[in-house]
Amino acid sequence: MKTNFHTHHELCGHAIGTAKDYVEYAIKSGYDRIGLTDHGPIPRDAMSQDDYFGNYLHLQMNESDFETIYLPDCLQAKQKFQHQIDVLIGLEIEYIPTHKSYLQSLADRLDYLILGVHYFPFQGHMHNVYEWMNSESVQTYGDHVQEALDSGLYRILAHPDIFLMKYHHDLEAIFDTAAIETTHKIIQAAIKNNVYLEINCGGAKREGLHYQNQTRYVYPREEFWRIVATYPDAKVLIGVDAHAPAHLGNPVIEEMKHFASLCGVTWVDNPMIQGRIRFQGNEI
Ligand SMILES: [Zn+2]
Ligand SMILES: [Zn+2]
């Protein structure tokens with residue numbers, strides 16, 4: 001079975017293509033199921049103006065775009081191609097502890113939510129994982145992910161190892177006690193809440209890090225996934241994180257399967273994510 005549950009949309013401002021473009025490409029490439037999951041709208045009052053703009057949220061879909069553009073576009077693509085491919089509709093979205101009922105209302109209306117933590121509350125503001133990381137922010141990231149998964153809102157955790165991307169000295173990667181503890185914490189929270197850990201295909205194109213005289217992807221990170229391999233109950237999938245329709249045919253997907261095998265990780269291509277949106281009802 002060929003599937004991908006992590007697919008973006010031009011609405012986020014850094015991807016190209018509409019829902020129809022991705023679905024058509026998926027059909028051409030032999031996919032059986034595809035989940036549409038653009039970056040979800042973050043309410044304007046969820047953080048300070050500096051944090052909102054600093055995390056480029058003004059460039060992504062807002063709540064009105066979600067209702068008037070994203071949902072109709074996804075639904076139309078789902079309906080049009082329903083006999084050729086199974087289309088699920090979701091979002092990749094941050095966990096905002098102050099806005100749980102808002103997140104719950106999205107989860108209730110969609111097939112599933114992916115948790116993607118690109119920033120989290122740290123030292124009085126929203127700290128972005130692309131900026132820098134130290135042992136304290138690594139631990140805070142782990143606590144934040146654990147709380148998010150315990151909320152029960154999410155079915156997939158995107159790039160769980162993204163916290164390691166900027167955890168280095170002069171591109172020499174750090175994998176110390178803080179990183180190891182955070183890794184275990186995330187895996188255990190995922191198992192407890194029946195959440196899939198994602199090996200994300202988007203990191204391979206970024207400049208790598210050095211670790212023990214080798215060049216490593218910024219993510220997925222071998223050190224992290226070798227620990228995942230020690231948990232037989234951990235559920236893993238591979239996510240394309242497509243930001244262009246052609247990414248669904250990217251050779252990096254095979255490279256990531258290779259990577260998983262190298263780490264001793266078994267992944268599934270048929271995750272138990274039940275689509276809830278049907279056309280005969282009014283679920284949305
Ligand atoms: Zn993106
Ligand atoms: Zn993504």
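See above for the structure.
Quantities reported herein were computed from a predicted structural model and do not represent experimental measurements.

### Brief notes about the overall build of the chain
Inference 1: Check the secondary structure of the chain and you find eight helices and 13 strands.
Inference 2: Here the C-alpha atoms of the chain give a radius of gyration of 18 Å, agreeing with the 19 Å that 2.2 N^0.38 yields for 284 residues.
Inference 3: By its C-alpha atoms, the chain is 55 × 40 × 30 Å across when sized along the principal axes.
Inference 4: Considering only intrachain contacts with a sequence separation of at least 6, the fraction spanning at least 24 residues in the chain is 74%.

### Thoughts on helix α6 (residues 177-192)
Inference 1: The terminal C-alpha atoms of α6, which comprises 16 residues, lie 22 Å apart, in line with the 22 Å expected from a rise of 1.5 Å per residue.
Inference 2: Burial in α6 covers these residues: A178, A179, T182, T183, I186, I187, A189 and A190. Buried positions in α6, seen along its axis, are confined to an arc of 165 degrees and lie on one side of it. Along α6, the residues that are exposed and aim more than 90 degrees away from the buried face are T177 and K192.
Inference 3: Residues of α6 that are buried in the fold lie against α5 (135-150), β7 (156-157), β10 (196-200) and α7 (222-228).
Inference 4: Phi turns positive, to about 60 degrees, at N194, one or two residues after α6.

### Thoughts on the packing of helix α1 (residues 19-28) against helix α3 (residues 63-80)
Angle between the axes and distance between the axes are the two parameters that describe a pair of packed helices.
Inference 1: Running from N to C, α1 and α3 cross one another at 30 degrees; their axes reach a closest spacing of 8 Å. Between α1 and α3, the crossing angle belongs to the class labelled roughly parallel. Crossing of α1 over α3 shows right-handed handedness. Between α1 and α3, the residues in contact are A19, K20 and V23 and D73, C74 and A77, respectively.
Inference 2: Among the residues making up the contact of α1 with α3, the classes are represented as four nonpolar, no polar and two charged.

### Points about the pairing of strand β5 (residues 119-122)
It is a general feature of regular strands that their side chains alternate between the two faces of the sheet.
Inference 1: Bridge count for β5 against strand β6 (residues 125-128) is four bridges, and the pairing is antiparallel. Within the sheet, the bridge partner assigned to F122 lies in β6 and is H125.
Inference 2: Between the end of β5 and the start of β6, which pair antiparallel, lie two residues, with Q123 showing a positive phi angle near 50 degrees.

Cut-offs used in this document
- Residues numbered from 1 in each chain as written.
- Chains lettered and ligands numbered in written order.
- Predicted model: local features only at pLDDT ≥ 70, side-chain atom pairs only at ≥ 80, totals over all residues.
- Helix = DSSP H or I, 4+ residues; strand = E, 2+ residues; numbered from the N terminus.
- Rg over C-alpha atoms; globule rule 2.2 N^0.38 Å.
- Contact = placed C-beta atoms within 7 Å.
- Expected span 1.5 Å × (residues − 1).
- Buried ≥ 20, exposed ≤ 12 C-beta atoms within 10 Å, placed from the backbone.
- Arc of directions from axis to C-beta.
- Axes fitted to C-alpha atoms, helices over the stretch in contact; angles between N-to-C directions.
- Parallel < 35°, antiparallel > 145°, perpendicular 65-115°, else oblique.
- Left-handed = near helix turned anticlockwise from the far one by under 90°.
- Nonpolar A, V, L, I, M, F, W, Y, C, P; charged D, E, K, R; others polar.
- Pairing = 2+ DSSP bridges.

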